[in-house]
Amino acid sequence: MNDRFPNSRRLFERAQRSIAGGVNSGIRKMEQPVPLYFTHGRGCRLFDVDGHEYIDFQIGQGAILYGHAPAGQAAAIAEQAKLGTHWAAQSELEIEVAERLQRMIPGAERMRCQNSATEVVLSALRLARAHTGRRLILKFEGHYHGWADEGLVGFAPPPDKWGTDEEPTRLHPSQGVIPEVLEQFVVARWNDPAHLRRRVEQYRGQIAAIIFEPVLCNTGCMEPVPGMVATIRELCDREGMLMIADETITGFRFGAGCAQQFLGFVPDLTILGKAIGGGVPFAALVGKESAMQKITRGEIVHAGTLNGNPLCLAAAKWCLDEVTALGDRHPAGMIALGRRLMDGLSALARRHDIPLQPQGPGLVFHAAMLKPGAAAGPIRDYRDYVRRQDAPRWAHLRRCLLEEGVRAIERGLWFISLAHREADITEALERCEVAFARHAAEWKAA
Ligand SMILES: Cc1ncc(COP(=O)(O)O)c(C=O)c1O
């Protein structure tokens with residue numbers, strides 16, 4: 001292949017002499033053939049240092065729900081910057097954001113701001129343990145809750161270490177984790193309500209909370225099977241555990257009321273990140289007043305110099321108003337666009353004999369590349385995903401897509417944003433056609 005990215009390559013080489021590993025988040029190294037460097041973005045388009053333009057379906061790992069550099073958000077941030085970037089104190093802005101969240105999200109009676117969803121997860125788990133006086137947290141295989149010790153237990157174990165179907169491992173993918181942290185978790189498989197009941201029964205009276213992604217987007221894209229979310233709610237109510245919805249990805253993407261309103265449930269605590277700030281480092285913990293008591297009364301430590309930073313609050317306020325103003329048009333518009341893209345990708349895959357299987361609710365979906373001989377049909381959980389996903393073949397197609405100006409996430413996820421239009425999907429599919437043809441020819445020859 002020709003090197004289409006000489007400037008990115010030069011910057012990456014230079015970066016490695018000053019930035020550890022050359023990137024500032026480990027997964028960015030996954031980008032092949034080289035981590036790309038960008039100059040600017042506009043709407044759903046992104047521009048790199050080699051002069052290429054991309055139709056962006058990675059959109060800041062989901063944070064850029066409103067497209068790149070929306071004028072209204074840029075103005076809100078600029079206006080606030082003139083008044084001050086940081087006070088480490090109160091402002092009316094934070095109340096305005098909290099009141100908006102109360103109006104929008106069923107489970108948001110109280111709020112606390114933070115800077116990343118990873119931090120919010122840590123706060124929620126601490127709160128749940130203090131609230132219940134219990135030690136254990138139940139989480140699901142393949143669900144990602146930030147990069148900290150507590151967020152990644154049992155996330156993506158290799159098949160030879162994932163344990164039995166009934167007893168999934170608590171392996172953590174990182175070295176250096178406090179070993180005792182692993183013992184504070186119970187891991188269950190996703191989308192098997194009967195198995196979940198057995199896990200809860202096994203640790204009866206010891207589990208403080210169940211944390212989950214309402215639509216699993218960090219391993220494939222797996223909507224909950226019928227009864228899954230209702231079982232979590234029922235078990236939490238019956239056993240006195242807190243239900244923690246990690247809506248870092250689904251929040252605002254699935255509408256003003258987030259996935260909880262879309263799917264019809266009310267969690268005790270909700271993690272918000274990414275789209276709440278539209279690309280600025282803003283995240284929030286929201287929850288029922290009863291579940292937030294330990295923070296309200298100051299019985300657990302919850303702190304942070306930059307919490308409630310006015311630049312981020314100004315950006316978030318603009319984002320929330322944007323989503324609210326769309327009313328019923330959101331998420332319907334994004335679902336329709338995403339489904340069109342999924343259908344177009346399926347048709348191209350059939351035409352070029354590529355075993356690609358898009359799965360998801362449209363506004364976010366995963367394009368699973370099936371291994372030779374793997375059965376087609378919905379992928380339901382992490383193990384099913386590992387057994388069927390042909391990662392090297394997807395990586396090759398992803399590179400072909402990138403070189404034709406279509407940017408999906410390295411692991412196969414695609415996000416639609418509010419800035420994508422019908423014409424962008426049409427153009428993306430035209431570019432995909434060229435990429436699919438090239439992939440089919442090169443993969444066969446390999
Ligand atoms: C579901 C979920 N929870 C938590 C996080 C952590 O968010 P952050 O990287 O902003 O700390 C992520 C990040 O991708 C996520 O997808």
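For clarity, every value in this text was computed on a predicted model and none was experimentally measured. (Residues numbered from 1 in each chain as written. Predicted model: local features only at pLDDT ≥ 70, side-chain atom pairs only at ≥ 80, totals over all residues.)

Colleague: Hey, could you run me through the overall build of the protein chain in this one?
Modeller: For the protein chain, the count of helices and strands is 14 helices and 14 strands. Relative to its length of 446 residues, the protein chain is compact, with a C-alpha radius of gyration of 22 Å against a globular reference of 22 Å. By principal-axis analysis of the C-alpha atoms, the protein chain measures approximately 60 × 55 × 50 Å. Counting across all 446 residues of the protein chain, residues that qualify as buried make up 47%. (Helix = DSSP H or I, 4+ residues; strand = E, 2+ residues; numbered from the N terminus. Rg over C-alpha atoms; globule rule 2.2 N^0.38 Å. Buried ≥ 20, exposed ≤ 12 C-beta atoms within 10 Å, placed from the backbone.)

Colleague: Help me out: how do you make sense of the nonpolar core in this one?
Modeller: One broad trend across soluble globular proteins is that nonpolar side chains are buried collectively. Counting residues in each nonpolar core, the largest one holds 125 residues, and the members touching the most others are Ala-124, Ala-209, Ile-210, Leu-242, Ile-244 and Ala-284. The element contributing the most residues to this core is helix 10 (residues 310-326), with 10 residues. When residues of this core are sorted by domain, at least three fall in each of domain 1 (6-69 + 329-445) and domain 2 (71-326). When near neighbours in sequence (up to four residues on either side) are disregarded, Ala-284 contacts Leu-101, Met-111, Arg-112, Cys-113, Gln-114, Val-120, Leu-272 and Ile-276. (Core = buried A, V, L, I, M, F, W, Y, C linked by C-beta atoms within 7 Å. Domains from an automatic or database assignment. Contact = placed C-beta atoms within 7 Å.)

Colleague: What should I look at first to understand the environment of Glu-92 in this one?
Modeller: Mapped onto the elements, Glu-92 comes out in helix 3 (residues 92-104). With 9 C-beta atoms packed within 10 Å, Glu-92 lands in the exposed category. As for Glu-92 and Ala-445, which are separated by 353 residues in sequence, their C-alpha atoms are 62 Å apart.

Colleague: Looking at this structure, how should I read helix 6 (residues 193-202)?
Modeller: One turn of the α-helix equals 3.6 residues, which is why residues spaced by three or four share an orientation. By the burial criterion, the buried members of helix 6 are Leu-196, Arg-199 and Val-200. One side of helix 6 holds all its buried residues, which, seen down the axis, span an arc of 95°. In helix 6, the exposed positions angled more than 90 degrees off the buried face are occupied by Ala-194, Arg-198, Glu-201 and Gln-202. (Arc of directions from axis to C-beta.)

Colleague: Looking at this model, I keep getting lost on the pairing of strand 12 (residues 364-369). Mind explaining?
Modeller: Where burial is concerned, most of strand 12 is hidden: 6 out of the 6 residues are buried. Of the two faces of strand 12, both are covered, the one formed by Val-364, His-366 and Ala-368 as well as the one formed by Phe-365, Ala-367 and Met-369. Note: strand 12 against strand 14 (residues 413-415), 3 bridges, orientation antiparallel. Paired with Val-364 across the strands is Phe-415, a residue of strand 14. (Pairing = 2+ DSSP bridges.)

Colleague: Please clarify how the packing of helix 13 (residues 391-403) against helix 14 (residues 422-445) should be interpreted in this entry.
Modeller: Where helix 13 contacts helix 14, the two axes come as close as 8 Å, and the packing angle between them is 135°. In terms of their interaxial angle, helix 13 and helix 14 are classed as oblique. For helix 13 against helix 14, the interelement crossing comes out right-handed. Taken together, the residues of helix 14 that come into contact with helix 13 (itself represented by Arg-393, His-396, Leu-397, Cys-400 and Leu-401) are Cys-432, Ala-435, Arg-438, His-439 and Trp-443. (Axes fitted to C-alpha atoms, helices over the stretch in contact; angles between N-to-C directions. Parallel < 35°, antiparallel > 145°, perpendicular 65-115°, else oblique. Left-handed = near helix turned anticlockwise from the far one by under 90°.)

Colleague: Any chance you could explain the domain arrangement of the protein chain here in plain terms?
Modeller: Often, the extent of an interface is quoted as the loss of accessible area upon association of its parts. If you check the domain split of the protein chain, you get domain 1 (6-69 + 329-445) and domain 2 (71-326). Taking the mean C-alpha position of each, domain 1 and domain 2 sit 26 Å from one another. On the domain 2 side, the residues contacting the 27 residues of domain 1 number 31 residues. Where the side of domain 1 that touches domain 2 is concerned, the elements lending two or more residues are helix 11 (329-351), strand 12 and helix 12 (382-388).

Colleague: Would you mind showing me how to read the site of the ligand here?
Modeller: Taken together, 14 residues are adjacent to the ligand, and Ser-116, Ala-117, Thr-118, Gly-146 and Thr-248 come closest. By residue number, the principal contributor to the shell around the ligand is helix 4 (residues 117-132), which donates 3 residues. Its residues assigned to classes, the shell around the ligand shows 4 nonpolar, 8 polar and 2 charged. (Near = placed C-beta within 6 Å. Nonpolar A, V, L, I, M, F, W, Y, C, P; charged D, E, K, R; others polar.)

Colleague: I would appreciate a short explanation of the sheet that holds strand 14 in the present structure.
Modeller: The antiparallel open sheet is built from 3 strands, whose spatial order is 11-12-14. Where the open sheet ends on each side, the last strands, each with one partner, are strand 11 (356-359) and strand 14. Geometrically, the sheet is characterised by an average inter-axis angle of 25° between neighbouring strands, direction not taken into account. Of the strand pairs in this sheet, strand 11 and strand 12 are connected by 4 bridges, and their pairing is antiparallel. Within the sheet, the bridge partner assigned to Gln-357 lies in strand 12 and is Ala-368. Each of strand 11 and strand 12 is contacted by helix 11, which is oriented at about 165° to strand 11, the strand it contacts most.

Colleague: Is there a simple way to think about helix 11 in this case?
Modeller: Along its 23 residues, helix 11 runs 33 Å from first to last C-alpha, staying within 8% of the 33 Å computed at 1.5 Å per residue. Of all the positions in helix 11, only His-330, Pro-331, Met-334, Leu-337, Gly-338, Leu-341, Met-342, Leu-345 and Ala-349 are classed as buried. Considering only its buried residues, helix 11 is in contact with helix 10, strand 11, strand 12 and helix 14. Downstream of helix 11 by a residue or two, Asp-353 has a phi angle that is positive, lying close to 55°. (Expected span 1.5 Å × (residues − 1).)

Colleague: Explain the sheet that holds strand 13 (residues 406-407) to me, please; I cannot follow it from the model alone.
Modeller: The pairing of strands in a sheet comes from backbone hydrogen bonds and takes either a parallel or an antiparallel form. Taken in spatial order, the 4 strands line up as 1-2-3-13 in an open sheet, and their pairing is mixed. Each of the sheet's edge strands pairs with one partner strand only, and the pair in question is strand 1 (38-42) and strand 13. In this sheet, strand 13 lies alongside strand 3 (residues 53-56) in parallel orientation, the contact comprising 2 bridges. Each residue of the ladder has a partner; that of Ile-55, found in strand 13, is Val-406.

Colleague: Where do I start with the environment of Val-229 in this structure?
Modeller: Considering the arrangement of structural elements, one finds Val-229 in helix 7 (residues 228-239). Taking the number of C-beta atoms within 10 Å as the measure of exposure, Val-229 has 23 and is therefore buried. In this structure the C-alpha to C-alpha distance between Val-229 and Gly-255, which are 26 residues apart in sequence, comes to 18 Å. Those residues in contact with Val-229 that sit more than four places away from it in its chain are Pro-214, Pro-224, Leu-263 and Phe-265.

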